[in-house]
Amino acid sequence: MSTLAINGTSTSDTELDSRKPHKGWTLGMASLGVFMVALDTLMVTTALPVLRVDLGATLADLEFHSANDRSQRLAAIGKATFGPRRVIAVERQEIAR
């Protein structure tokens, strides 16, 4: 029986084999994310014709605001993931092009 040192502690082969990967959780969380994106797309697609009539907007106006909303959400996710300084630096580089 061999041992493996992880963070200064010794772990045997049987202890490593007894740990089960969380494949079910990974699949569940990925499926939840896909479901949320699909639900968001369905709601926006359903609401756009009603918004166009109620607000008197053109299709181009609705497309712009819908795309702008999605890009703001992606920027917020990027800032949470990579940090605001890095995202702002990349945005400045893109604007300068």
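Residues numbered from 1 in each chain as written. Predicted model: local features only at pLDDT ≥ 70, side-chain atom pairs only at ≥ 80, totals over all residues. Heavy atoms only, no water.

### Some details on the overall build of the protein
- Looking only at helices and strands, one finds four helices and two strands in the protein.
- Mapped in sequence order, the helices and strands of the protein form the string β-β-α-α-α-α.
- Put simply, the protein has 97 residues, and 9% of those count as buried.
- Accessible surface for the protein amounts to roughly 8500 Å². Of this, 65% is attributable to carbon and sulfur atoms. (Helix = DSSP H or I, 4+ residues; strand = E, 2+ residues; numbered from the N terminus. Buried < 20%, exposed > 50% of the residue type's maximum accessible area, 1.4 Å probe, protein only. Areas by Shrake-Rupley, 256 points an atom, 1.4 Å probe, with all protein chains shown as cover.)

### As for the side chain of D40
- When you line up the elements, D40 lands in helix α2 (residues 23–55).
- Residue classification places D40 among the buried positions, given a relative accessible area of 18%.
- With residues near it in sequence (within four places) discarded, D40 still touches R70 and R73. (Contact = heavy atoms within 4.5 Å.)

### Some words on the packing of helix α3 (residues 59–82) against helix α4 (residues 84–96)
- Between α3 and α4, whose axes approach to 7 Å, the crossing angle comes to 130°. Classed by the angle they form, the pair α3 and α4 counts as oblique. Touching A75, G78, K79 and F82 of α3 are P84, R86, V87, I88 and E91, all from α4.
- Of the residues in the contact of α3 with α4, the class split is five nonpolar, one polar and three charged. (Axes fitted to C-alpha atoms, helices over the stretch in contact; angles between N-to-C directions. Parallel < 35°, antiparallel > 145°, perpendicular 65-115°, else oblique. Nonpolar A, V, L, I, M, F, W, Y, C, P; charged D, E, K, R; others polar.)

### What about a nonpolar patch on the surface?
- On the surface, a nonpolar cluster with roughly 900 Å² of combined accessible area is contributed by W25, M29, L32, F35, M36, L39, L42 and M43.
- Looking at the secondary structure, you find L42 in helix α2. (Patch = residues over 30% accessible without salt bridge, like charges linked within 9 Å, V, L, I, M, F, W, Y side chains within 5 Å. Salt bridge = Lys/Arg side-chain N within 4 Å of Asp/Glu carboxyl O.)

### Observations concerning α2
- An ideal rise of 1.5 Å per residue puts 48 Å on 33 residues; α2 measures up with 46 Å between its terminal C-alpha atoms.
- Along its length, α2 reaches its greatest deviation from straightness, about 35°, at L48, and the proline P49 lies no more than four positions downstream.
- Of all 33 residues making up α2, only one are buried, and the element is barely covered by its neighbours.
- Directly beyond the C-terminal end of α2, a positive phi value near 65° is found at G56. (Expected span 1.5 Å × (residues − 1). Bend = angle between axes of the 7 residues up to and from the residue.)

### Here's the deal with the confidence of the model for the protein
- Per-residue pLDDT for the protein has a mean of 75; in total, 78% of the residues score no lower than 70.
- Per-element confidence in the protein ranges from a low mean pLDDT of 53 for strand β1 (residues 3–6) to a high of 85 for α2. (pLDDT = per-residue confidence, 0-100.)

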